[in-house]
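# Chains, contacts and geometry: an overview
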Amino acid sequence: MGNVVLVTGAARQLGGRFVRRIQRDPDVDRVIGVDAVAPAHHLGGAEFLKADIRHPAIARVLAETGVDTVVHMDIHGTPLGSRGGRASVKETNVIGTMQLLGACQKAPKVQRVVIKSSTSVYGSAPRDPAVFTENTPPKSLPSGGFAKDTVEVEGYVRGFARRRPDVAVCVLRFANILGPCADSPLAEYFSLPVLPTVLGYDPRLQFVHEDDAIDVLRIAAAEPCRGTLNSGTFNIAGDGVLLLSQVSRRLGRPTLPLFLPTVTWAGTFLRSLGITDFSPEQIRMLTHGRVVETTQMRETLGFRPTYTTAETFEEFARSRGPGLLPPESLARTVDRLAGVLPARRGASQ
């Protein structure tokens, strides 16, 4: 008998893709997708069980199916379709994780648990280090939103790992996942015709391609290859960084620099219209940025992303179509201004 894998969040695009892909692994005998709503996409030959992980009934699902590997992907920053607002998302992220881990604790057959977390656990603050490692404590803990959810989720995961030391636990802290099917708040922000930015800041950003996200989840859900270890906590990001100004050029979307209070107001306004979830946590990230070290991902986990941060964003930009301004023209204009302004400052001095 091969592994029996349970995947939460199967109704999401990324969760559905992972369910379809993990079925092809020779060591996997059965895959069970779980979500509170039926997926709009097909799951291949996998089974689907409509179950809400916020309810204790998830324990019965694990007991009846004989699951030995749990891949928890139902941790998100936005609701799926009409599944309620921020309160519902928080319940799924935090209460759902607590119930799921409680069920795993009582299930003796569970041998491996994989958690899809986020680099947002580090927060974004003006005194942040240039690069976060897995052991770097945040200078300022996230105070709300999805970032705070991930901090609470990882707290529950650490408690579970202490109570079930026989279970291999892998926490994957993903940088922003992008690609043609991305459905995150950041993807919605990048789809705006004009990008509101904070005056005087040009943050550094990292991205992970959806294909790489699927591949690293597969590595985490399987027995480790020789010379690697897939239990522990790992930062997951593509090589390199992009500045927000470079992102806007490649999208062909102009930026609108605003004072921070105005950006906060604009975010609240856009959120009230349902255009994008421009949360305070996202505004802090688009102000101070966030960069993580990925040495452990390569040397311990044994994963090397196919796409760099720049290549990931290039694919995402192509999927969103042209912006208001051709990227080439926008880049030439900005470069000309960058060349002229220093000369004028020097002449005035």
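Predicted, not measured: the structure shown is a model, and the values here were computed from it.

It is worth spelling out the overall build of the protein chain at this point. In terms of regular secondary structure, the protein chain is built from 12 helices and 13 strands. Within the protein chain, the proportion of its 349 residues that are buried is 48%. When contacts within the protein chain are restricted to residue pairs at least 6 apart in sequence, long-range pairs at least 24 apart make up 80% of them. Carbon and sulfur atoms make up 55% of the accessible area of the protein chain, which totals about 16000 Å².

A few words now on the layout of surface pockets. Looking at the largest pocket, its volume works out to about 1100 Å³. In terms of lining, the largest pocket is formed by 50 residues, of which the most central are G77, T78, F146, S184 and P185. When residues of the lining of the largest pocket are traced back to their parent elements, those giving at least two are α1 (13–22), α3 (86–106), β5 (112–118), α4 (145–163), β7 (176–178), α5 (185–190) and α9 (280–288). Take the lining of the largest pocket: its biggest share by element is 4 residues, from α9.

A separate point is the pattern of salt bridges. Should the charged atoms of two oppositely charged side chains come close, the side chains can pair. In this structure the tally under the stated criterion is 18 salt bridges. Across the pair K90 and D149 runs a salt bridge, and its minimum N-O distance is 3.2 Å. Placement of the pair is K90 in helix α3 and D149 in helix α4, with a sequence separation of 59 residues. By relative accessible area, which is 30% here, K90 ends up partly exposed. Of the charged contacts, one joins R318 and E314 as a salt bridge, the two residues approaching to 3.1 Å between their closest N and O atoms. With R318 and E314 both in helix α11 (residues 309–320) and 4 residues apart, this pair spans about one turn of that helix. You can call E314 partly exposed: its relative accessible area is 44%. The structure contains a network of salt bridges with shared partners spanning R21, D25, D215 and R218.

Here we come to the side chain of R290. Here R290 is to be found in the loop between α9 and α10 (295–299). Within the buried core, R290 has no salt-bridge partner, and the shortest N-O distance to an opposite charge, that of D128, equals 6.1 Å. Among the polar contacts made by the side chain of R290, one reaches the main-chain carbonyl oxygen of T119 at a distance of 3.4 Å. Separated by 3.2 Å, the side chains of R290 and S124 make a polar contact. Ignoring any residue separated from it by four or fewer positions in sequence, one finds R290 in contact with T119, S120, Y122, G123, S124, F132, R204, L205, Q206 and M285.

The element β5 is extensively covered by neighbouring structure, given that 7 of its 7 residues are classed as buried. Burial of β5 is two-sided: the residues R112, V114, K116 and S118 facing one way and the residues V113, I115 and S117 facing the other way are all buried. Sheet topology places strand β4 (residues 69–72) next to β5; 4 bridges connect them, and they run parallel. By the bridge assignment for β5, T69 is matched with R112. Pairing analysis gives 7 bridges linking β5 to strand β6 (residues 168–174), with the strands arranged parallel. Of the residues in β6, the one forming a bridge with I115 is V171. Taken together, β5, α4 and β6 form a β-α-β motif whose crossover is right-handed.

Rules of the game
The written sequence of each chain sets the order in which its residues are numbered from 1. Totals for whole chains, interfaces and linings use every residue, but because this is a predicted model, local features are given only for residues with pLDDT of at least 70 and side-chain atom pairs only at 80 or more, for both listing and counting. Hydrogens and water molecules were not included; the side-chain quantities draw on all heavy atoms of the structure. Secondary structure elements follow DSSP: runs of H or I no shorter than four residues count as helices, runs of E no shorter than two count as strands, and numbering proceeds from the N terminus. Working definition: with a 1.4 Å probe on protein chains only, accessible area under 20% of the residue-type maximum means buried, over 50% means exposed, and in between means partly exposed. Note on definitions: a residue-residue contact is assigned when non-hydrogen atoms from the two residues lie within 4.5 Å. Note that accessible areas follow from Shrake-Rupley with a 1.4 Å probe, and for residues the cover is restricted to the protein chains shown. Any residue with an atom within 4 Å of a point lines the site, the site being either a cavity, points on a 1 Å grid over the protein atoms alone where a 1.4 Å probe fits but cannot get out, or a pocket, an open set with protein on both sides within 12 Å along at least 5 of 7 lines. Grid points are joined across faces, edges and corners, and a volume is the space filled by probe spheres set on the points. Salt bridge, as used here, is a side-chain nitrogen of Lys or Arg placed within 4 Å of a carboxyl oxygen of Asp or Glu. Within this scheme the basic residues Lys and Arg register as positive and the acidic residues Asp and Glu register as negative, but His and the chain ends are omitted. Counted as a polar contact is a pair of N or O atoms within 3.5 Å, where, for protein atoms, one must be capable of donating a hydrogen and the other of accepting one, and residues adjacent in sequence contribute only when both atoms are in side chains. In this description, strands pair whenever DSSP reports at least two bridges between them. Crossovers are described as right-handed under a simple rule: with the strands pointing away from the observer, the path leading from the first strand over the helix to the second runs clockwise.

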